[in-house]
Amino acid sequence: MAVTGYLAEFSLAELFKFLEQGNKVGLLTICVLADADSKDQKNYYVWFNQGRIVAAGNTLDQQGLLRLISQRGWLGDRAASRLAQSCIISTPMGLCLKSQNVLNAEQLKLLFYAQVMQQVCALFTLKDGWFQFDAKVPLPTAEMTGLNAPATEVTLAGLRALKDWSALADKLPEPTSALVSSISGKPQQRLNQSEWQIWEFVNGAVSLNAIAKQLQLTTEKVQQIAFRLIVSGVVEEMPLVADVPQTTISAASMEPIASQSGAMGQGGATNVSHSFLQNLVGFLRGKA
Amino acid sequence: MEIMRLVVTGPVGAGKSTFIRSVSEIEVVDTDRQATDETLLLKKRTTVAFDFGRLQFGPDMALHLYGTPGQSRFDFMWDILIHKAHAYILLVAAHRPGEFRYARRILTFMNQRSSVPMIIGLTHVDHPNAWEPANVGVALGYPNPFECPPIINVNATEAASVAQAIIKLIEHSTCECLV
């Protein structure tokens, strides 16, 4: 059973949170159709190690990193290939080239930024795409700089830069919901000012609508910021109970239950006895 | 009359109404109405208040099953039902990751309101796109398997499978000092 689905249902931000929290190791493939009428598809690949992004690209030819180096004029194609062959298979290519004094630490950072931060952040603009995570794929040392980033850190960067949120509209927390913290203490992530402002209201009591009013922001903006905090793993959405509406359901359909059994009577649940549970389990075993 | 109340909750289409119908000895009292929104894509009718089923297994002993509505605009029912519950089962369709977000929302709500024992029941596990139980656990906010409530596979259409799920919930409940 694979981890598979569509980004329109389970967004990339939610997927990254899942992969980070699950400390996943493997390859995430995202397959996007160019347009509805075309059969052309474009694939994107993101490699994970212990829930952290270690490499990304749009081919599986193990040449992506060398192409980035070559494009910058830091090393010719032939020279890079020759040096790469001398690298130990288990060592990331970037670290290997650094150990040979071909690249320095700053160049590795620039490569990682171009390969992972820029390419992966651009994926957040995808409206849809089929995804699959394969945990059996070994790490692609030839594509790795040796640097890595937590998946949710990349998510934060990608969502902060996102202009068109239409694809995420049905995934945002409800305006009537509140937020509760899912961590102890303060977030370790580097939050921006607006995220810290929303964090101040993480008490399970104030709706996003009310937060928007207090901060004089649009509700939509607050929903987007709250979504960023949710997919960063620092808060959870908690529905606030609305007033019970005037029901249009026939009261006769429910009243007999309550009156005959007392099932929904006054007071909370009282404990049930050991003999009750033993009898119930025995009864159910006869049905199972 | 000694009564145990179990709440069956979960997103739309997870199999809550079917779960209760499969095991109830009475005609399930439902409040299903014609679906009118995006729910219509999943099924024609949906629960708008709650489902009620009953199992009487002695002259003065009965199990009551309450199914919550799956749609968020009926959130107020969750509060009413969980307040009286002895335990609950969260049903999640393993092949619909798009519903995990909503299941997580239900979990957060229930955990804030009540500390009664719970288990997670996965339905549609035979679907080719079904996620593994451990992965569903992570997606629902339980990255540490030792802190995750029991996750079991359930076929909501089969009485035997539903009975097994309830047994598991009761066994888990006794561990959590229900009595």
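Quick note: structure is the one above.
Thresholds, definitions, all that
Residues numbered from 1 in each chain as written. Chains lettered and ligands numbered in written order. Predicted model: local features only at pLDDT ≥ 70, side-chain atom pairs only at ≥ 80, totals over all residues. Heavy atoms only, no water. Phe/Tyr/Trp six-rings, centres within 6.5 Å; stacked < 30°, edge-to-face > 60°. Helix = DSSP H or I, 4+ residues; strand = E, 2+ residues; numbered from the N terminus. Buried < 20%, exposed > 50% of the residue type's maximum accessible area, 1.4 Å probe, protein only. Disulfide = S-S within 2.5 Å. Polar contact = N/O pair within 3.5 Å; in protein donor to acceptor, adjacent residues only side chain to side chain. Contact = heavy atoms within 4.5 Å. Core = buried A, V, L, I, M, F, W, Y, C linked by side-chain atoms within 4.5 Å. Domains from an automatic or database assignment. Pairing = 2+ DSSP bridges. Axes fitted to C-alpha atoms, helices over the stretch in contact; angles between N-to-C directions. Salt bridge = Lys/Arg side-chain N within 4 Å of Asp/Glu carboxyl O.

(A) Region of the structure containing the packing of aromatic side chains. Tallying each qualifying case throughout the model produces 15 aromatic pairs over all chains. On the basis of an interplanar angle of 55° and a centroid distance of 5.1 Å, the ring pair of Phe18 of chain A and Trp131 of chain B is categorised as tilted. You can see Phe18 of chain A sitting in helix α1 (residues 12-21) and its partner Trp131 of chain B sitting in the loop between β7 (118-123) and α4 (133-139), one on each of two chains. Exposure class is identical for Phe18 of chain A and Trp131 of chain B. Each is buried. Ring centres of Phe52 of chain B and Tyr66 of chain B lie 5.1 Å apart, and the angle between their planes is 50°; on these two criteria the pair is classed as tilted. With Phe52 of chain B in strand β4 (residues 51-58) and Tyr66 of chain B in strand β5 (residues 61-67), this pair connects stretches of sequence that are 14 residues apart. Accessibility assignment for this pair places Phe52 of chain B and Tyr66 of chain B in one class, buried. The rings of Phe10, Phe18 and Phe131 of chain A together with Phe100 and Trp131 of chain B are connected pair by pair, giving a single aromatic cluster.

(B) Focus on the state of the cysteines. All names here are of chain A. Enumeration according to the criterion identifies one disulfide over all chains in this entry. Two residues, Cys87 and Cys96, share a disulfide whose sulfurs are 1.8 Å apart. Here the S-S torsion is close to -90°, and the disulfide linking Cys87 with Cys96 is therefore left-handed. Take Cys87: its relative accessible area is 13%, and that puts it in the buried class.

(C) Representation of α1 of chain A within the structure. All names here are of chain A. Burial of α1 is extensive: eight of the 10 residues sit out of reach of the surface. By the burial criterion, the buried members of α1 are Leu12, Ala13, Glu14, Leu15, Phe16, Lys17, Phe18 and Leu19. Asn23, located one to two residues past α1, shows a positive phi value of around 50°.

(D) Inspection of the side chain of Glu236 of chain A at higher detail. For Glu236 of chain A, the position within the fold is in strand β8 (residues 235-239). According to the relative accessible area criterion, Glu236 of chain A is buried, its value standing at 12%. A distance of 2.7 Å separates the side chain of Glu236 of chain A from the side chain of Arg104 of chain B, its partner in a polar contact. Apart from residues lying up to four places away in sequence, Glu236 of chain A is in contact with Lys17, Ala178, Leu179, Val180 and Ser182 of chain A together with Arg104 and Thr108 of chain B.

(E) Expanded view of the nonpolar core. Ranked by internal contacts, the top residues of the largest apolar core, which has 69 residues, are Leu15, Phe16 and Leu28 of chain A together with Leu140 of chain B. Here the element with the most residues in this core is helix α3 (residues 100-113) of chain B; it accounts for seven residues. Looking at which domains feed residues into this core, each of domain 1 (3-160) and domain 2 (172-239) of chain A gives three or more. With residues up to four places along the chain from it excluded, the contact list for Leu15 of chain A reads Val3, Leu7, Phe10, Leu28 and Phe131 of chain A. Core analysis: the next-biggest nonpolar cluster, separate from the first, contains 33 residues, Leu6, Ile119, Ile152 and Ala163 of chain B among them.

(F) Spotlight on the sheet that holds strand β5 (residues 130-134) of chain A. Residues and elements named next belong to chain A. Overall, antiparallel pairing links the six strands, which are arranged β1-β5-β2-β3-β4-β6 in an open sheet. Among the strands making up the open sheet, the edge pair consists of β1 (3-6) and β6 (149-150). Both β1 and β5 contribute to a ladder of four bridges, which runs antiparallel. Looking across to β5, one finds that Val3 is bridged to Phe133. The strands touched by α1 are β1, β2 (26-33), β3 (41-49), β4 (52-57), β5 and β6; relative to β2, the strand with the most contacts, the crossing angle is about 170°. Lying on the sheet, helix α5 (residues 105-123) is in contact with β2, β3, β4 and β6; it crosses β4 at an angle near 85°.

(G) Summary view of the pattern of salt bridges. Residues and elements named next belong to chain A. Counting across every chain of the model gives 13 salt bridges over all chains. We note a salt bridge from Asp164 to Lys127, for which the minimum N-O separation is 2.4 Å. Of this pair, Asp164 sits in the loop between α6 (151-160) and β7 (177-181) while Lys127 sits in the loop between α5 and β5, and the two are 37 residues apart along the sequence. In the salt-bridge network here, residues are joined through shared partners; they are Arg160, Glu195 and Arg228.

(H) Layout of the sheet that holds β7 of chain B. Residue and element names in this part refer to chain B. In spatial order, the strands read β4-β5-β1-β6-β7-β8; together these six strands make up an open sheet with mixed pairing. Since the sheet does not close on itself, it has two edges, and those belong to β4 and β8 (151-153), each with one partner. In this sheet, neighbouring strand axes are inclined to one another by 25° on average, regardless of whether the strands run parallel or antiparallel. In terms of strand pairing, strand β6 (residues 87-93) meets β7 through six bridges, oriented parallel. If you follow Ala93 over to β7, its bridge partner there is Thr123. Packed on one face of the sheet, α3 meets β1 (2-9), β6 and β7 and runs near 170° to β6.

(I) Looking closely at unusual backbone geometry. In this structure, Gln62 of chain A is a non-glycine residue whose phi angle is positive, near 65°. Locating Gln62 of chain A in the fold gives a position in the loop between β4 and α2 (64-71). Positive phi values are uncommon outside glycine, yet His124 of chain B reaches one of about 60°. With a relative accessible area of 34%, His124 of chain B lands in the partly exposed category.

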